[in-house]
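# Tertiary structure, described
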Amino acid sequence: MAELFCDLWLRADGDADGSPTVRAVRALAPDVALAEGLPRGGELLRTVAVRSAQLKGGAWSVVVAAQFGAAERDAESETSSGQAAVRYFAVPVTSSGAKGAGGFTVTGAPAEVAGPGRAKVAASPFGTVLPGNGALAASLGEFFNAYLVGVGEVGRYLAPGAELSPVRGSGYRSVAVGEVFAESEVAEGEVPADGTAVRVRVSVVAVDSGGGRWPLEYELSLLSRSGRWEVSGMQAGAAAAVPSIAVGGAEK
């Protein structure tokens, strides 16, 4: 609701009263004031709700990010309007149900606010740099060629019990393994005894059919078996309680 309203409100020009966009805003919030004489440049591309907070009862404040495209440079402004900009607006919304269910009403014009600050990030547990020409890096290269490019079957690079479907439709034609960091030093040299486990963070660069280069990053769990490393788990993005693939039917 807040995304839709903010999108319409940013596009509505009070000078063009009676336009379809203005009428849509009035249908959601009849008494909210509109901007007037909006500039032609800086086209609104999209709005995305990034935070919501319940104030009391059915009252909510929803922060919406608005992304604008390039506009012509304003000779009297110090800001380069040739660059895309993201602005943030807090939208006051009241729901007919205290839990945010039922009908909604926008109770006032959006308030432009500062964007969210940066959160502190804990130190990475991956402190060991693995050699780029080592056994583990070689195994990762073969795995990602199967997983992202489709060269061979992914299953041959997975530990027993692990299941992982390859990526389809990305159009990658090649992939190169970059930096590999591990939580321990067990994977620095030759492949150790069977059953040795290690977690790694690996950077890869995938190249699509048009020559575009995509920097991607993964966290993987690996197990040693029969003189090679096999992927036993994958975690993409931030740490989570539930991994993206299961090992032997159990969470790992």
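These numbers come from a predicted model, not from an experiment.

## A few points about the packing of aromatic side chains
- Summed over all chains, the structure comprises 6 aromatic pairs.
- With centroids separated by 6.4 Å and ring planes inclined at 70°, the aromatic side chains of Tyr172 and Trp214 adopt a geometry described as edge-to-face. Here Tyr172 is found in strand E7 (residues 172–182), whereas its partner Trp214 is found in strand E9 (residues 213–225), with 42 residues between them in sequence.
- What makes Tyr172 buried here is its relative accessible area of 14%.
- Grouping aromatic residues by their ring pairs yields a cluster made of Phe143, Phe144, Tyr147 and Tyr218.

## Examining empty space enclosed by the protein
- For the structure shown, the criterion picks out 1 cavity of 30 Å³ or more.
- Every residue along the wall of the largest cavity is listed here: Ser139, Leu140, Phe143, Tyr157, Leu222, Trp229 and Val231.
- For the lining of the largest cavity, the elements supplying multiple residues, two or more each, are helix H3 (135–149) and strand E10 (228–235).
- For the lining of the largest cavity, the class distribution of residues is 6 nonpolar, 1 polar and no charged.

## Describing the pairing of strand E1 (residues 44–56)
- Here E1 runs beside strand E2 (residues 59–68); their pairing, made up of 10 bridges, is antiparallel. Across the sheet, the residue bridging to Val48 is Ala65, located in E2.
- Two successive antiparallel strands, E1 and E2, enclose a turn made up of 2 residues, where Gly57 displays a positive phi of approximately 55°.

## Examining the sheet that holds E7
- In space, the 5 strands of this open sheet follow the order E6-E7-E8-E9-E10, with antiparallel pairing throughout. Of all strands in the sheet, those bounded by a partner on one side alone are strand E6 (128–129) and E10.
- As judged from the 2 bridges shared by E6 and E7, these two strands associate in the antiparallel manner. Bridge pairing in E7 links Thr128 to Ala182.
- Contacts from H3 reach E7, strand E8 (197–208), E9 and E10 within the one sheet, and its direction differs from that of E7 by about 145°.

## Brief notes about the pairing of E7
- Of the strand pairs in this sheet, E7 and E8 are connected by 8 bridges, and their pairing is antiparallel. Of the residues in E8, the one forming a bridge with Tyr172 is Asp208.

## Some thoughts on the nonpolar core
- In terms of nonpolar packing, the biggest core is built from 29 residues, with Leu136, Phe143, Phe144, Val200 and Leu220 touching the most fellow members.
- Sorting the residues of this core by element identifies H3, E7, E8, E9 and E10 as the ones contributing at least two each.
- By residue number, the principal contributor to this core is H3, which donates 7 residues.
- If we skip the residues at most four places from it in the chain, Phe144 touches Val149, Val175, Val177, Val202, Val204, Tyr218 and Leu220.
- Ranked by size, the runner-up nonpolar core spans 21 residues in total, among them Ala29, Val62, Ala66 and Phe68.

Criteria and thresholds
Residues numbered from 1 in each chain as written. Predicted model: local features only at pLDDT ≥ 70, side-chain atom pairs only at ≥ 80, totals over all residues. Heavy atoms only, no water. Phe/Tyr/Trp six-rings, centres within 6.5 Å; stacked < 30°, edge-to-face > 60°. Helix = DSSP H or I, 4+ residues; strand = E, 2+ residues; numbered from the N terminus. Buried < 20%, exposed > 50% of the residue type's maximum accessible area, 1.4 Å probe, protein only. 1 Å grid on protein atoms, 1.4 Å probe; cavity = no way out; pocket = protein on both sides within 12 Å on 5 of 7 lines; lining within 4 Å. Points joined across faces, edges and corners; volume = space filled by probe spheres on them. Nonpolar A, V, L, I, M, F, W, Y, C, P; charged D, E, K, R; others polar. Pairing = 2+ DSSP bridges. Contact = heavy atoms within 4.5 Å. Axes fitted to C-alpha atoms, helices over the stretch in contact; angles between N-to-C directions. Core = buried A, V, L, I, M, F, W, Y, C linked by side-chain atoms within 4.5 Å.

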